[in-house]
Amino acid sequence: MLLEIIIGLLSLFIIVDVLYKQRRHFMIEKAGIRGPTPLPILGNVLYLVGNTTASVSELMTKLTDKYGKVVRMWFITDCVLIILDAKYFEDIFKSQQLIKKNDSYNLLDGWLGQGLLLSSGPKWFSRRKIITPTFHFKILEEFVEIFDQQSHVMVKNLMKQADGKTVVHMFPNVCLMALDIITETAMGVKVNAQEHPEFPYAKAVTEECLVNNFRRHFMLEKAGIRGPTPLPILGNVLYLVGNSTASVSELMAKLTGKYGKIVRMWLVTHCVLFIRDVKFFEDIFKSQQVITKNNLYNLLDGWLGQGLLLSSGPKWFSRRKIITPTFHFKILEKFVEIFDQQSHVMAKNLMKQADGKTVIHMFPNVCLMALDIITETAMGVKVNAQEHPEFPYAKAVTERRHLMIEKAGIRGPTPLPLVGNLLELVGNTTASKT
């Protein structure tokens, strides 16, 4: 029985993996970008197993020789393009919009902080503005002598290895030269890293990178945030399998009852925190920096567009500035009567169900009340959705949600890694069986 379950789950993972990747795979194929054949789920991860930094560089060279100057590689759910021609980067480097860093940069946050390298949005623009004069031609001219000196040191080191037989790995040589140049030009300190390759700072950087790989685990443990023991790769995904939306809410209540008001769950590569205490959100809600939305919001893009709800960066700030006067206390005071009226309607509906035995699901009641309040205050229209739960607009929103789920299955926007829309499907199957 256990073997059948494992085989069944593995089959589902493979199917979901194919559906999740098919849109990007089709786009890449259409663009003429090729690469080695990926394995189900794992992709091309095995190409990197057992390789050092130097041998990975050699592997990249072989792949670009075989497949062209742009090579496609799949690492589980991530599609990575290896590019050998600088011209493809031109539009990206020139852009002031494409400044959001890859998620892997987050590992450096505790070390380097949110400076120019890691930040985005208004913070990036302000830091970029400060540093721009530093790269003026007249200032850079003063450093040409240092560039020349350190380049000669690198050439001298390379000449020692140039016997016509030995393969010379340029990466470590260039890194040490760059370190010598940066420390002498930006900090006014000579470290002579090229002459002393075992220089402590260079070794410390390598150690810091290793430490950062385990950082998230240690941070959660140190903060006293607990959760159920995760399985290798899958994490806690199996906790959600077979649950409907309602039963998932019950599961979260049980977990927070057992582990505290903050529960840690691993869903494959994603660490998710379930929070039951509003005070923990205070800093987030007050922040004007923490405004990047979760990838799940991408499903709403075709419906709501890049407005205040979905946008981030300068666009979010401009939209937020426009809408701020709408929430002034004097304006909101005019709507208190509507809030009161609609709250009484909801209380009246709840009283009809309050027999002391029936479990009342608050979610649909609160949604209908919110719809009545929003339409009357923002649009000046009474829809009486609480008195008429089958109100066409409410049904249309539900239908739209189902269309988005179908669209996600066809186009493969951002479901959970590996699991994709599996949990939604499993939940629906369970509900239909009951």
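One can describe the packing of helix α7 (residues 144–161) onto helix α8 (residues 170–186) by two numbers: an axis separation of 10 Å at closest approach and a directional angle of 155°. Comparing the axis directions of α7 and α8 gives the class roughly antiparallel. Note that α7 runs across α8; the crossing there is right-handed. Mapping the contact onto sequence places I146, F147, Q149, Q150, S151, M154, L158 and Q161 in α7 and M170, N173, V174, M177, D180, I181, E184 and T185 in α8. Residues that form the contact of α7 with α8 fall into these classes: 8 nonpolar, 6 polar and 2 charged.

A word on the side chain of N44. Here N44 lies in the loop between α1 (2–30) and α2 (53–67). Residue N44 is classed as buried on the basis of its relative accessible area of 1%. Reaching out from N44, the side chain makes a polar contact with the backbone oxygen of P36 at a distance of 3.3 Å. There is a polar contact of 3.3 Å between the side chain of N44 and the backbone oxygen of T37. Discounting residues that sit within four places of it in the chain, N44 has contacts with P36, T37, P38, R72, M73, W74 and F75.

Following both chains from N to C, one finds helix α16 (residues 336–353) and helix α17 (residues 362–378) inclined at 155°, their axes separated by 10 Å at the closest point. Taken together, α16 and α17 sit at an angle that is classed as roughly antiparallel. As for the relative orientation of α16 and α17, their crossing is right-handed in sense. The residues of α17 that touch α16, namely those facing I338, F339, Q341, Q342, S343, M346, L350 and Q353, are M362, N365, V366, M369, D372, I373, E376 and T377. For the contact of α16 with α17, the per-class residue count stands at 8 nonpolar, 6 polar and 2 charged.

To continue, consider unusual backbone geometry. Positive phi, close to 50°, is recorded for N192, a residue that is not glycine. Among the residues examined, N192 registers a relative accessible area of 31% and is labelled partly exposed. Despite not being glycine, N384 shows a phi value in the positive range, around 50°. Residue position: N384 is located in the loop between α17 and α18 (392–411). According to the relative accessible area criterion, N384 is partly exposed, its value standing at 31%.

L59, M60, L63, Y67, V71, M73 and I82 together form the largest nonpolar core, which totals 7 residues. Of all the elements in the fold, those that place two or more residues in this core are α2 and β1 (70–75). Here the element with the most residues in this core is α2; it accounts for 4 residues. Each residue touching M73, except ones within four places of it in the same chain, is listed here: P36, N44, Y47, L63, D78, C79, V80 and I82.

We now examine the environment of Q114. Among the secondary structure elements, Q114 is positioned in the loop between α4 (109–112) and α5 (121–131). Along the backbone, Q114 and W124 are 10 residues apart, and their C-alpha atoms lie at a distance of 8.9 Å. Apart from residues lying up to four places away in sequence, Q114 is in contact with D109, S119 and K123.

Moving on: the pairing of strand β2 (residues 78–83). By the bridge criterion, 6 bridges tie β1 to β2 in an arrangement that is antiparallel. The residue of β2 that forms the bridge with F75 is D78. Following β1, the chain reverses through 2 residues before pairing antiparallel with β2; I76 in that reversal takes a positive phi of roughly 60°.

So, on to α7. Along an α-helix, a turn takes 3.6 residues, which lines up residues three or four apart on a common side. Between its first and last C-alpha atoms α7 spans 26 Å; for 18 residues at 1.5 Å apiece the expected length is 26 Å, and the two agree. Those residues of α7 that are buried lie in contact with α8.

What follows covers a nonpolar patch on the surface. Together, Y297, W303, L304 and L309 make up a nonpolar patch on the protein surface, roughly 360 Å² of accessible area in all. Summarising the element assignment, Y297 is placed in the loop between α12 (282–286) and α13 (301–304). For Y297, a relative accessible area of 34% translates into the label partly exposed.

What counts as what
Residues numbered from 1 in each chain as written. Predicted model: local features only at pLDDT ≥ 70, side-chain atom pairs only at ≥ 80, totals over all residues. Heavy atoms only, no water. Axes fitted to C-alpha atoms, helices over the stretch in contact; angles between N-to-C directions. Helix = DSSP H or I, 4+ residues; strand = E, 2+ residues; numbered from the N terminus. Parallel < 35°, antiparallel > 145°, perpendicular 65-115°, else oblique. Left-handed = near helix turned anticlockwise from the far one by under 90°. Contact = heavy atoms within 4.5 Å. Nonpolar A, V, L, I, M, F, W, Y, C, P; charged D, E, K, R; others polar. Buried < 20%, exposed > 50% of the residue type's maximum accessible area, 1.4 Å probe, protein only. Polar contact = N/O pair within 3.5 Å; in protein donor to acceptor, adjacent residues only side chain to side chain. Core = buried A, V, L, I, M, F, W, Y, C linked by side-chain atoms within 4.5 Å. Pairing = 2+ DSSP bridges. Expected span 1.5 Å × (residues − 1). Patch = residues over 30% accessible without salt bridge, like charges linked within 9 Å, V, L, I, M, F, W, Y side chains within 5 Å. Areas by Shrake-Rupley, 256 points an atom, 1.4 Å probe, with all protein chains shown as cover. Salt bridge = Lys/Arg side-chain N within 4 Å of Asp/Glu carboxyl O.

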